[in-house]
Amino acid sequence: MLVRRIARPLLASVFVVAGLDALRNPGARTAQAAHLLDQVPTPNSIPDDPDLLVRVNGGVLVAGGALLASGRFPRLASTLLAASLVPTTAVEHAFWEESDPQRKAQSRSLFLKNVGLLGGLLLAAVDTEGRPGLAWRAKHATQRTRHEAKHATKTARREAKLMALKAQDVVS
């Protein structure tokens with residue numbers, strides 16, 4: 001559909017640009033990520049190097065944005081971008097921590113912009129383009145298999161009865 005071909009690259013553009021910026025200039029984001037890492041306990045499987053986390057997040061943004069823009073794996077790309085957007089928003093636009101009213105208003109505005117982008121990503125993540133989703137396909141495949149098994153069982157019983165009748169006729 002034409003709307004999808006236009007909307008996906010428009011939505012993705014924000015993430016590609018932000019990801020490239022994070023890869024090229026991780027400095028300011030690194031300080032913000034370090035602040036977040038100090039506040040939130042991280043599992044041992046996640047490295048505690050803020051610069052590395054910023055660069056990995058930038059790579060996810062670029063890759064997810066490119067996939068979404070090109071229409072390749074759009075549901076997966078949207079899900080990855082949404083998952084990346086939540087911590088990014090919490091780190092970069094924590095308006096509740098701002099004391100200056102002007103900076104607080106600007107940060108709140110950017111926070112709400114990201115919340116809107118998250119809504120768009122969630123819609124893109126569940127968009128099946130008019131085709132049935134995996135849950136629907138699984139349910140209907142199960143129902144079809146049950147129906148076919150039931151029909152095969154009935155047919156097998158009928159054939160067994162006919163064979164038994166024929167065997168009786170031969171014996172008699």
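Above this text you will find the structure in question.
The paragraphs below set out a description of the structure included in this document. (Residues numbered from 1 in each chain as written. Predicted model: local features only at pLDDT ≥ 70, side-chain atom pairs only at ≥ 80, totals over all residues. Heavy atoms only, no water.)

1. Here we look at a positive patch on the surface
Logical step 1: A contiguous patch of positive charge on the surface is contributed by K150, K154, R157, R158 and K161.
Logical step 2: For K150, the position within the fold is in helix α6 (residues 134–171).
Logical step 3: A residue is classified by how much of its surface remains accessible, and K150, at 56% relative accessible area, is exposed. (Patch = residues over 30% accessible without salt bridge, like charges linked within 9 Å, V, L, I, M, F, W, Y side chains within 5 Å. Areas by Shrake-Rupley, 256 points an atom, 1.4 Å probe, with all protein chains shown as cover. Salt bridge = Lys/Arg side-chain N within 4 Å of Asp/Glu carboxyl O. Lys, Arg positive; Asp, Glu negative; His and termini not counted. Charge placed at Lys NZ, Arg CZ, Asp CG, Glu CD. Helix = DSSP H or I, 4+ residues; strand = E, 2+ residues; numbered from the N terminus. Buried < 20%, exposed > 50% of the residue type's maximum accessible area, 1.4 Å probe, protein only.)

2. Re the pattern of salt bridges
Logical step 1: As enumerated under the stated definition, the model contains six salt bridges in all.
Logical step 2: Close ionic contact of R29 with E92 constitutes a salt bridge, the shortest N to O distance being 2.9 Å. Here R29 is found in helix α2 (residues 27–39), whereas its partner E92 is found in helix α4 (residues 74–92), with 63 residues between them in sequence.
Logical step 3: By relative accessible area, E92 is classed as partly exposed at 23%.
Logical step 4: We note a salt bridge from R103 to E98, for which the minimum N-O separation is 3.4 Å.
Logical step 5: Taken together, the salt bridges that share partners define one network made up of R4, R8 and D127.

3. Focus on the side chain of S107
Logical step 1: Its location among the elements puts S107 in helix α5 (residues 101–126).
Logical step 2: For S107, a relative accessible area of 8% translates into the label buried.
Logical step 3: Excluding residues that lie within four positions of it along the chain, S107 makes contacts with E92, H93, A94, F95 and E98. (Contact = heavy atoms within 4.5 Å.)

4. Some details on the packing of aromatic side chains
Logical step 1: Evaluated as defined, the whole model comprises three aromatic pairs.
Logical step 2: Aromatic pair F95 and F111: ring centres 5.2 Å apart, planes at 70°, arrangement edge-to-face. You can see F95 sitting in the loop between α4 and α5 and its partner F111 sitting in helix α5, a full 16 residues away along the chain. Neither F95 nor F111 differs from the other in exposure class; each is buried.
Logical step 3: Plain terms: the ring middles of W96 and F111 are 5.7 Å apart, the flat faces sit at 90° to each other, and that makes the pair edge-to-face. Placement of W96 in the loop between α4 and α5 and of F111 in helix α5 is noted, with a sequence separation of 15 residues between them.
Logical step 4: In this structure an aromatic cluster arises from ring pairing among F95, W96 and F111. (Phe/Tyr/Trp six-rings, centres within 6.5 Å; stacked < 30°, edge-to-face > 60°.)

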